[in-house]
Amino acid sequence: MQYRHVCVESLAYVLPDEEVSSAELEFRLASLYERLRLPEGRLELMSGIASRRFWSPGLLPGDVSVVAGDMALTAARCDRSLVGALVHGSVCRDYLEPATAAGVHGRLGLPGNCLAYDVSNACLGMLNGMLQVADQIELGRIQAGLVLGTEDCRGLIETTIAHLNSDLSLTRADMKRAMASLTIGSASAAILLTHDSVSKTGCRLLGGDVRAFTEHASLCRSGRDEVAGGGMQPLMMTDAEELLHQGIGAATDCFPAFLTQVGWDAASIQKTICHQVGKAHRKALLEGLQLAVENDFTTFQHLGNTGSTALPVTWAMAAEQRQLTKNDRVALLGIGSGINVIMLGIDYRSVPVGCGREADVIAALPA
């Protein structure tokens, strides 16, 4: 896929105040660790994740998405009447019905002719949203579109710890399948895309490519729409080693076609922003694609794997910290369970605004 008229205007992120270390989670699993003779520190040692964030109990994903979306629109000084699509792309949502995007749309003051809907695709939901908005912009149907999402790990981690502590029949192999659940984190992000005719940045989304290796869909699987008051509380079992192996295989299959679509070679990529899983995944991906580790920007060490927001939050933080500069060629490399791959190329003719906050988001909610 290729785009000629799609630009990135702004990126925004919101992080929770509450930081929870891997050591704290292991402390809560002390009896399990003792019974199975597991060494302390293995969670951080294996994943490279020292901590992750928790939202306040009872906070709905849509509440935070409103803040992130408002930040992206304000930072870009975007006329909200131009926004023709709003896509909420996170796994977590307020309710099964209506779409979380519906409530966010109204609170952001977007126009009545703006499409508002949810997209779900594990860790790639927001990237899927980018593609859908970009298609509409390229076709001339809309002038601007907002993609956002909020992931909340509290329910998953609390349920996982309760299960691991209560079931005395669990083995080391069972613990291994549950380990990925303890690496998940919470965050919110928003991406504003526009037609180049109204863009202030000229930062172009060139296009990209995708792959679906769905024969491996069972490698990471959670519960069945277990939603209670907006808090997803499933158990998730993951064959992490096989998921890593097959995910890298899918990525290496997609990468040459991606380079062809955007007209690059691997050596011409100045920066990479990848889906944030952990240190083993990062090492295997960059080695498999023969990309320089020094060009890669990461956040997993202190945010964990924040699902669909992991790549967008990392991208926004890289922009905010001025890690991305004019004329950079930036590769967005997304791999999610399914297995699905989305790779997108950004031509930084100018640098879009990147902004974020780490504060009590409830006090900052627009009315």
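Within any chain, residue numbers begin from 1 and follow the written order of that chain's sequence. In keeping with the predicted nature of the model, local features appear solely for residues at pLDDT of at least 70, side-chain atom pairs appear and are counted solely at 80 or more, and the whole-chain, interface and lining totals rest on all residues. Side-chain descriptors were evaluated using all non-hydrogen atoms of the structure, hydrogens and water having been removed beforehand.

Student: Please explain the overall build of the chain as it appears in this structure.
Tutor: Helix and strand counts for the chain come out as twelve helices and 17 strands. Exposure classes here rest on a 1.4 Å probe applied to the protein chains alone. A residue is buried below 20% of its type maximum, exposed above 50%, and partly exposed in between. The burial tally for the chain puts 57% of its 367 residues in the buried class. The contact criterion used throughout is that any non-hydrogen atoms of two residues lie within 4.5 Å. Taking as baseline every contact in the chain between residues at least 6 positions apart, the subset at least 24 positions apart corresponds to 81%. When the accessible area of the chain is evaluated, it comes to approximately 14,700 Å², of which 51% is carbon and sulfur surface. Helix and strand definitions follow DSSP, with helices as H or I runs of at least four residues and strands as E runs of at least two, each counted in order from the N terminus. Accessible areas in this description were obtained via Shrake-Rupley with a 1.4 Å probe; residue shielding takes into account the shown protein chains only.

Student: How do you make sense of the environment of Pro 111 when you look at a structure like this?
Tutor: Note on placement: Pro 111 falls in the loop between helix 5 (100-107) and strand 5 (115-118). On the basis of relative accessibility, which here comes to 18%, the residue Pro 111 falls in the buried class. Considered as a pair, Pro 111 and Ala 85 are 26 residues apart in the sequence and their alpha carbons are 9.5 Å apart.

Student: Explanation requested: unusual backbone geometry in the structure shown.
Tutor: Outside of glycine, negative phi angles account for most residues, and trans bonds account for most peptide bonds. A cis geometry characterises the amide bond from Glu 97 onward to Pro 98, with omega recorded as 0 degrees. Positionally, Pro 98 belongs in the loop between strand 4 (83-88) and helix 5. Of note in the backbone geometry, Arg 77 takes a positive phi value of approximately 50 degrees without being a glycine. Here Arg 77 shows up in the loop between helix 4 (61-75) and strand 4.

Student: Explanation requested: the packing of aromatic side chains in the structure shown.
Tutor: The way to describe two aromatic rings as a pair is by their centre distance and the angle between their planes. By convention, a stacked pair of Phe, Tyr or Trp rings (six-membered ring in the case of Trp) has centres within 6.5 Å and planes under 30 degrees apart, an edge-to-face pair has planes over 60 apart, and any other such pair is tilted. Scanning the entire structure with this criterion turns up two aromatic pairs. The structure contains a cluster of three or more aromatic residues connected by ring pairs, namely Phe 255, Phe 258 and Trp 264.

Student: Just checking my understanding: could you explain helix 12 (residues 310-320) for this structure?
Tutor: Because each turn of an α-helix spans 3.6 residues, side chains separated by three or four positions in sequence point in the same direction. By the criterion of burial, helix 12 is predominantly enclosed, with ten of the eleven residues buried. All buried positions along helix 12 are accounted for by Ala 310, Leu 311, Pro 312, Val 313, Thr 314, Trp 315, Ala 316, Met 317, Ala 318 and Ala 319. Positive phi shows up at Arg 322, right after helix 12, with a value of about 60 degrees.

Student: Where do I start with helix 6 (residues 125-138) in this structure?
Tutor: Its 14 residues give helix 6 an end-to-end C-alpha distance of 20 Å, which sits within 8% of 20 Å, the value for a rise of 1.5 Å per residue. Looking only at helix 6, the buried set comprises Gly 125, Met 126, Leu 127, Asn 128, Gly 129, Met 130, Leu 131, Val 133, Ala 134, Gln 136 and Ile 137. Phi for Gly 140, located one or two positions after helix 6, is positive at around 80 degrees. Each residue after the first adds 1.5 Å to the expected span of a helix.

Student: I tried to follow the confidence of the model for the chain on my own but got confused; where do I start?
Tutor: Caution applies to low-pLDDT regions: their predicted coordinates should not be interpreted in detail. This prediction gives the chain a mean pLDDT of 89; 88% of its residues lie at or above 70. A score from 0 to 100, pLDDT tells how confident the predictor is in each residue. Here residues 224-233 is modelled with pLDDT under 50, and outside its nearest four sequence neighbours on either side it reaches 24 contacts, counting other chains as well. This model gives residues 361-367 a pLDDT under 50, and the stretch forms 17 contacts once residues within four places in sequence are excluded.

Student: So what exactly am I meant to see when it comes to the pattern of salt bridges here?
Tutor: As a working rule, side chains carrying opposite charge can pair if their charged atoms are close by. Definition used for salt bridges: Asp or Glu carboxyl oxygen within 4 Å of a side-chain nitrogen of Lys or Arg. Across all of its chains, the model carries ten salt bridges by this definition. Close ionic contact of Asp 63 with Arg 107 constitutes a salt bridge, the shortest N to O distance being 2.9 Å. Taken together, the positions of Asp 63 in helix 4 and Arg 107 in helix 5 put the pair 44 residues apart, joining distant regions of the chain. Between Arg 211 and Asp 209 there is a salt bridge, with its nearest N and O atoms 3.1 Å apart.

Student: Can you help me understand the nonpolar core in this one?
Tutor: By nonpolar core is meant a set of buried Ala, Val, Leu, Ile, Met, Phe, Trp, Tyr and Cys residues that side-chain atoms within 4.5 Å join together. By size, the foremost hydrophobic cluster in this structure holds 42 residues, and its most contacted members are Met 130, Trp 315 and Ile 346. Looking at this core, the elements that each hand over two or more residues are strand 1 (6-15), strand 4, helix 6, strand 7 (187-195), helix 12, strand 15 (329-336) and strand 16 (340-347). Those residues in contact with Ile 346 that lie beyond four places of it in its chain are Val 8, Cys 203, Arg 204, Leu 205, Trp 264, Trp 315, Asp 328, Arg 329, Val 330 and Leu 332. Among the nonpolar cores identified, the runner-up in size contains 25 residues, and Trp 55, Leu 73, Cys 78 and Leu 108 belong to it.

Student: Would you mind showing me how to read the pairing of strand 13 (residues 271-274) here?
Tutor: Here strand 13 pairs with strand 15 via four bridges, running parallel. Its bridge partner lying in strand 15, Lys 271 is registered against Val 330. By definition, two strands form a pair when at least two bridges between them are found by DSSP. Here two bridges tie strand 13 to strand 14 (residues 296-297), and the two strands are oriented parallel to one another. From the neighbouring strand, Thr 272 faces strand 14, where its bridge partner is Asp 296. Throughout, right-handed denotes a crossover for which the path from the first strand over the helix to the second runs clockwise when the strands point away from the viewer. You can see the chain leave strand 13, run along helix 10 (residues 279-289) and come back into strand 14, and the turn it takes is right-handed.

Student: Looking at this structure, how should I read the environment of Ala 267?
Tutor: Position of Ala 267 among the secondary structure elements: in the loop between helix 9 (240-262) and strand 13. Residue classification places Ala 267 among the exposed residues on the basis of a relative accessible area of 75%. Taking the C-alpha atoms as reference points, Ala 267 and Ala 292, 25 residues apart in sequence, are found 8.8 Å from one another.

Student: For this particular structure, what's the right way to read the side chain of Asn 305?
Tutor: In this fold, Asn 305 is placed in the loop between helix 11 (300-303) and helix 12. Exposure remark for Asn 305: the relative accessible area of 8% places this residue in the buried category. Polar contacts, as counted here, are pairs of nitrogen or oxygen atoms within 3.5 Å of one another; within protein the pair requires one atom able to donate a hydrogen and one able to accept it, and residues that are adjacent in sequence qualify only if both atoms are side-chain atoms. Of the polar contacts made by the side chain of Asn 305, one reaches the side chain of His 275; its length is 3.4 Å. Residues within four places of Asn 305 in sequence aside, it is in contact with Ile 49, Cys 123, Thr 183, Ile 184, Gly 185, His 275, Gln 276, Val 277 and Ala 310.

Student: Explanation requested: the side chain of Asp 347 in the structure shown.
Tutor: By the element assignment, Asp 347 lies in strand 16. Each residue touching Asp 347, except ones within four places of it in the same chain, is listed here: Gly 202, Cys 203, Arg 204, Leu 206 and Asp 328.

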